[in-house]
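Survey of secondary and tertiary structure
If you want the building blocks of each chain, they are given just below.
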Amino acid sequence: MADVFAAFPRFPLAHLPTPLGEMKRLRAALGPDAPRLFIKRDDCTGLGGGGNKTRKLEFIVGEALAEGADTIVTTGALQSNHARQTAAAAAAAGLKCVLVLMDMVPYQGAAYRRSGNRLLDDIFGADVRIIPKGADATAFFKTVLGELKAQGAKTYFTPAGGSTVTGSLGYANAYAELTDQLNALGLKDVRLIHASSSGGTQAGLIAGRMMRPDGPVVFGVNVYRLDHDKMRADITRLAAETATRLGLATPAADDIVLEDGFVGEAYGVPTKGMTDAVTLLARTEGILLDPVYTGKGMAGMLALIAAGRFKRDDTLVFLHTGGMPGLFAYQEEFVAP
Ligand SMILES: Cc1ncc(COP(=O)(O)O)c(C=O)c1O
């Protein structure tokens, strides 16, 4: 098959293909009715601690360089994995990186503001600006962008999560990579489950399915918005735009499966399901999840299995989208007082 992705500017950052492993000990721990379980290790993409943003950033940085930018500007929460990986990608591409971070998560752990991803942003040399709580974010952005322009910077802006059509190309490509791995193992009728937030990962996977109908059905676990309809609408639009960019047909409305009930009180606020899932995976498979995304995504997968949504003969793949550095920002959740 011709490489449709070769038509887009791309800066190599990721170690690909990422491994696909079986989780036999987790399956055994879940009891005799548990489905067959695999894990796609996008936490092992290799850039700056790994994670799903590496695949998006290959296309984002490629586009920024093609446009002649010298500075990448992005945004996210204080513990954003996307911000940390953008800082690493910018360093690898010789670009400056400005992170405009939002103090938006109502979590008060002692290490939240200085450890985990925030620590790594500084180590990667990013210029970090924090929007004070209650400040006008649009005005803050205008000031930062105005300042950069006055300094002569050629900026390229990508929004939270890098969830643009350009970023989503990375996950359309990942879908093809995973489908090839599943076919090589002779696995059919597979379900793919992952944590969904700004939506670019899910949109890219769904667009990828329009290219590879032999691939798995995609289930997003909402770890971000309390407003399901808004989140679904955003993913639907981005999946359609990504498919169009790739010259593919528009995905059908029922291709977008978004499971609710796992955000908890709010985005970034720990849940018991998350801490249980993180410790279970660590102690059965030696794999580290994260407190904001994959821990809640895995909690969703375990709850759907417990509810009988998947049967013993089914095969599930959990897409590990990374985020492990976030554990250090939430350390009180995992250590005995
Ligand atoms: C570790 C991790 N998993 C999953 C996601 C969700 O990806 P997306 O924002 O593309 O929905 C993110 C995004 O921030 C993330 O950092």
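A short tour of the structure in this document, coming up. Since we're looking at a predicted model, the values are computed, not measured. (Residues numbered from 1 in each chain as written. Predicted model: local features only at pLDDT ≥ 70, side-chain atom pairs only at ≥ 80, totals over all residues. Heavy atoms only, no water.)

**Concerning the overall build of the protein chain**
- If you tally the helices and strands in the protein chain, you get 10 helices and 10 strands.
- Compactness check: the protein chain gives a C-alpha radius of gyration of 19 Å against a globular reference of 20 Å for 337 residues, within 12% of the reference.
- In terms of overall dimensions, the protein chain has a C-alpha envelope of 65 × 55 × 35 Å along the principal axes.
- Here the protein chain holds 337 residues, and 56% of them are scored as buried.
- Sequence separation of at least 24 residues holds for 80% of the intrachain contacts in the protein chain that already meet a minimum separation of 6.
- Here the protein chain has roughly 13800 Å² of accessible surface; of this, 55% comes from carbon and sulfur atoms.
- Separation between the mean location of the 35 positive side-chain charges and that of the 35 negative ones in the protein chain comes to 2 Å. (Helix = DSSP H or I, 4+ residues; strand = E, 2+ residues; numbered from the N terminus. Rg over C-alpha atoms; globule rule 2.2 N^0.38 Å. Buried < 20%, exposed > 50% of the residue type's maximum accessible area, 1.4 Å probe, protein only. Contact = heavy atoms within 4.5 Å. Areas by Shrake-Rupley, 256 points an atom, 1.4 Å probe, with all protein chains shown as cover. Lys, Arg positive; Asp, Glu negative; His and termini not counted. Charge placed at Lys NZ, Arg CZ, Asp CG, Glu CD.)

**Here's the deal with the site of the ligand**
- Taken together, the neighbourhood of the ligand is formed by 16 residues, with Lys-53, Lys-56, Ser-197, Ser-198 and Thr-321 sitting nearest.
- In this structure, Asn-81 approaches the ligand through a side-chain N or O atom, which is 3.0 Å from an oxygen atom.
- Between the ligand and Thr-201, the relevant distance is 2.7 Å, taken from an oxygen atom to a side-chain nitrogen or oxygen of the residue.
- Every element with two or more residues in the shell around the ligand is listed here: helix H2 (53-66), strand E7 (190-196) and helix H7 (200-211).
- For the shell around the ligand, a count of residues per class yields 2 nonpolar, 12 polar and 2 charged. (Near = heavy atom within 4 Å. Polar contact = N/O pair within 3.5 Å; in protein donor to acceptor, adjacent residues only side chain to side chain. Nonpolar A, V, L, I, M, F, W, Y, C, P; charged D, E, K, R; others polar.)

**What to know about the packing of aromatic side chains**
- As enumerated under the stated definition, the model contains 8 aromatic pairs in all.
- Ring geometry for Tyr-224 versus Tyr-267: centroids 5.3 Å apart, planes at 80 degrees, classification edge-to-face. Remark: Tyr-267 occurs in the loop between strand E9 (257-259) and helix H9 (272-285) and Tyr-224 occurs in the loop between strand E8 (217-222) and helix H8 (228-245); sequence separation between them is 43 residues.
- Tyr-224 gets classed as partly exposed once you look at its relative accessible area, which sits at 26%.
- Linked through ring pairs, Tyr-107, Tyr-112 and Tyr-330 together constitute an aromatic cluster.
- Directly above the aromatic system of Tyr-171 lies the positively charged group of Arg-55, at a separation of 5.7 Å from the ring centroid. (Phe/Tyr/Trp six-rings, centres within 6.5 Å; stacked < 30°, edge-to-face > 60°. Lys NZ or Arg CZ within 6 Å of the ring centre and 35° of its normal.)

**Regarding a nonpolar patch on the surface**
- Taken together, the side chains of Leu-288, Met-324 and Phe-328 define a hydrophobic patch exposed on the protein surface, amounting to about 260 Å² of accessible area.
- Positionally, Met-324 belongs in the segment after strand E10 (315-320). (Patch = residues over 30% accessible without salt bridge, like charges linked within 9 Å, V, L, I, M, F, W, Y side chains within 5 Å. Salt bridge = Lys/Arg side-chain N within 4 Å of Asp/Glu carboxyl O.)

**Let's talk about H9**
- For H9, with 14 residues, the first-to-last C-alpha span of 20 Å sits near the 20 Å given by 1.5 Å per residue.
- Three or more residues of H9 are buried, namely Met-274, Thr-275, Ala-277, Val-278, Leu-281 and Thr-284. (Expected span 1.5 Å × (residues − 1).)

**Observations concerning the nonpolar core**
- Counting residues in hydrophobic clusters, the biggest one holds 56 residues, and the most contacted among them are Met-23, Val-61, Tyr-112, Leu-281, Met-298 and Met-301.
- When residues of this core are assigned to domains, at least three map to each of domain 1 (4-51 + 166-333) and domain 2 (53-162).
- Within the second largest apolar cluster, 23 residues are counted, among which are Val-190, Ile-206, Leu-238 and Leu-319. (Core = buried A, V, L, I, M, F, W, Y, C linked by side-chain atoms within 4.5 Å. Domains from an automatic or database assignment.)

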